[in-house]
Structure formats: structure tokens, C-alpha cells
Amino acid sequence: MEIITRTEGRFIIVEPCGRLGFDEASATQLDFEQAVERAEAGVVVDCASLSYVSPAGLRAFLVAAKAAETKGVSFSACSLGSDVASVFTISGFDRIVPIFDSISEATAA
Amino acid sequence: MTESFELLAETNRLGFLQEKLQSWWCEQELPEAQKFPFELVLEELFVNVATHGNQQLGGICTLTISFGCERIDSNCRVSLALEDNAPPFNPLDAEIDLSGDRPAEKPIGGLGIHLTKTLMDNIDYAFLNGCNQITVSKVLWREEIPQAVLGD
């Protein structure tokens, strides 16, 4: 899985492309945590190109969200496809990782 | 419409397992849009055996995995069955608390079985002949199932 990271103002935008399952979870978690370390205001995970997320993948989100909470920056996600969105909703992750329709909405929140 | 095979419960076999499901799904002409929950549940159940099961066994578990598709009335029920030789473990007995609304309160454990219970219509567990046997199934939406799968 390719992960593209860029800076937009005081936010770090992380874009995982492809599948986020058990095989990809450790590397993705590391990328998320590094983004949290660098972020001034917050991290937005752009899920537009994320086709699959499993419980192992969700754990990468959770660990990074905990790190962001400790640091005092935001950690949110945007542009979720229907399958990925359903996993967030069923697991209750939409309550701990704010979900937005777009990057601009996420950075404006 | 049923395919069964054996494999060792090693995490580096997950890709092979996912390819097996993909090939079988295509052969059955099942709707791609409804594959996601089965991919997720198969990964979860396999990884559980390949991590916790192996740890409890003190070695590498052997898994027998079956994919099944059967006509139910005018619908199609897809099932996944996994049988492993780890010590008895019923995932349905696990207490799950997903109530936290802040990251620090959110438990990491229990997500997988909660998703499995929610995404599937049925889950059955038994410990028979020295093996854990878990079967999950779900009826696919009729309107997206090709007529070839349903018959007449």
C-alpha cells in the first residue's frame, strides 16, 4: 500500500492508497504516528483511495488518535467510501475519529 | 459451490488466503460490491488463529477453510467455515466493550469479533473432535446476484 503525506498549512494530510489490513497495519500506524509528531494543528487522513480497512487497520487509526490526543492536536478522517465508512460506524470509531466529507472541511473544523 | 483447503496458520499466508477468496468469489459470479464483509471477517478469523491460536498451542495451527454458497429460496447465502487445532476458544464468549468516546477510553481488543457479529447474519461455534469450528454466513442482496448463481 502506498501512503502519500503532505503538509497543508498547519495540518499534515495522510493519504493511504489501497488496502489497510493486517499486512499493512504496522507500517501505516508508523506513518500515522510520524504525522502526529510533525503536525502543528492536526492530522487528516484522506481515505478517498482507501478501498479496505480491517480491524487491524482500525488499530492503526486508534493508536494514532491516542497519540494525537496526548499531544493536543486533532486527528480526523475524510472522504470515506461506503465500505470503510460502515466499518468506522459499526466499530464506533466515528465517535473518536471525526469524519468529514472533504479535507477542507476537516481542516476548517 | 463449496471449496475447502488446508493451510498453516501463519500470518504470511494471509495474502494467499485473500487470493483464494477472490478467485472463488469470481468463479461463483458473486457481486463484487458485497465481498467486503467476507474479506474482513475472513482476515479477522484467520489472524486470530495465526496469533492467539498459535500462542495457545505453542506451535503453528493447521486450518481447514471452506467457502460455501447455497441457494436459499431466491437468495444466495455465502458461508465461511474455519476449523483449527488450537486449544478450545469460543470468540463469541468474549466480553466486548466499545463504548469509549475518546481515544484514550477506546479499547483495542474486541473490535474484530464485534464487526464479525455485526456484519454476518449467523455465527456458529463448536469444539468438536479436538478442533475449534466456526462458521459464519450472510445472505447476499438478491438484486445483485447473477441469475446463473440462483438458477431458475
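All residue numbers refer to position in the chain's written sequence, counted from 1. Numbering of ligands from 1 and lettering of chains from A proceed in the order in which they are written. Only residues with pLDDT of 70 or above have their local features reported here, since the model is predicted, and side-chain atom pairs are shown and tallied only from 80 upward, although totals for entire chains, interfaces and linings are computed over all residues.

Here's the deal with the overall build of chain A
The condition is simple: Strands are runs of DSSP state E lasting at least two residues, helices are runs of H or I lasting at least four, and both sets are numbered from the N terminus onward. In this description, any two residues whose backbone-derived C-beta atoms lie within 7 Å of each other are considered to be in contact.
Counting its regular elements, chain A contains four helices and six strands. Counting from the amino terminus, chain A carries its helices and strands in the arrangement β-β-α-β-β-α-β-α-β-α. Summarising its shape, the C-alpha atoms of chain A cover approximately 30 × 25 × 25 Å along the three principal directions. Sequence separation of 24 or more characterises 70% of the internal contacts of chain A that already satisfy a separation of 6 or more.

Focus: the nonpolar core
Note on soluble globular proteins: their nonpolar side chains tend to be buried together. Put simply, the rule reads: For the purposes of this analysis, a nonpolar core is taken to be any set of buried Ala, Val, Leu, Ile, Met, Phe, Trp, Tyr and Cys residues that are connected through C-beta atoms within 7 Å. For every residue, the other C-beta atoms within 10 Å of its own C-beta are counted; 20 or more classify it as buried, 12 or fewer as exposed, and values in between as partly exposed. C-beta atoms are placed from the backbone.
Membership of the largest hydrophobic core comes to 68 residues, with the highest contact counts inside it found for Val 36, Val 43 and Ala 64 of chain A together with Val 49 of chain B. Non-local contacts of Ala 64 of chain A, meaning those with residues more than four positions away in its chain, are made with Gln 29, Phe 32, Glu 33, Val 36 and Phe 75 of chain A.

Focus: the confidence of the model for chain A
Threshold: Along the chain, pLDDT gives the predictor's confidence residue by residue, from 0 to 100.
Of the residues in chain A, 100% have a pLDDT of 70 or more, and the chain-wide mean is 95. Mean pLDDT in chain A bottoms out at helix α3 (residues 82-91) of chain A, which sits at 94, and peaks at strand β3 (residues 42-46) of chain A, which reaches 98.

Notes on the interface of chain B and chain A
The following threshold applies: All amino acids are sorted into three groups, where Ala, Val, Leu, Ile, Met, Phe, Trp, Tyr, Cys and Pro are nonpolar, Asp, Glu, Lys and Arg are charged, and the leftover types, Gly among them, are polar.
Facing 22 residues of chain B, the contacting portion of chain A comprises 20 residues. Counting only elements with at least two residues in the side of chain B that touches chain A, the list comes to α1 (14-27), α2 (36-57) and α3 (111-119) of chain B. Looking at the side of chain B that touches chain A residue by residue, the class counts come to ten nonpolar, six polar and six charged.

As for the packing of α1 of chain B against α2 of chain B
Residue and element names in this part refer to chain B. To keep things clear, this is the line we draw: In this description, a line fitted to the C-alpha atoms serves as the axis of each element, helices being fitted only across the stretch in contact, and the angle between N-to-C directions of two axes falls anywhere from 0 to 180 degrees. Note on convention: near helix rotated counterclockwise from far helix by under a right angle means a left-handed crossing. Clockwise means right-handed.
Orientation of α1 relative to α2, taken along the N-to-C sense of each, is 145 degrees, at an axis distance of 11 Å. Two packed elements cross with a definite hand, and for α1 against α2 that hand is right-handed. Note on element contacts: α2 touches α1 through Phe 38, Glu 39, Leu 42, Glu 43, Phe 46 and Val 47, opposite Leu 14, Leu 17, Gln 18 and Leu 21.

Things to note about unusual backbone geometry
Of note, Ser 79 of chain A is a non-glycine position whose phi angle comes to about 60 degrees, a positive value. The residue Ser 79 of chain A is located in the loop between β5 (74-78) and α3 in this model. By the C-beta count within 10 Å, which is 21 here, Ser 79 of chain A ends up buried. The phi angle at Glu 29 of chain B is positive, at roughly 55 degrees, despite the residue not being glycine.

So, the pairing of strand β5 (residues 131-140) of chain B
Residues and elements named next belong to chain B. Inclusion rule: Here, any two strands with at least 2 DSSP bridges between them count as paired.
Across nine bridges, strand β3 (residues 75-84) lies against β5 in antiparallel orientation. If you follow Val 78 over to β5, its bridge partner there is Lys 138. Note that strand β4 (residues 122-128) and β5 share seven bridges and pair antiparallel. Directly across from Ile 123, in β5, lies its bridge partner Val 136.

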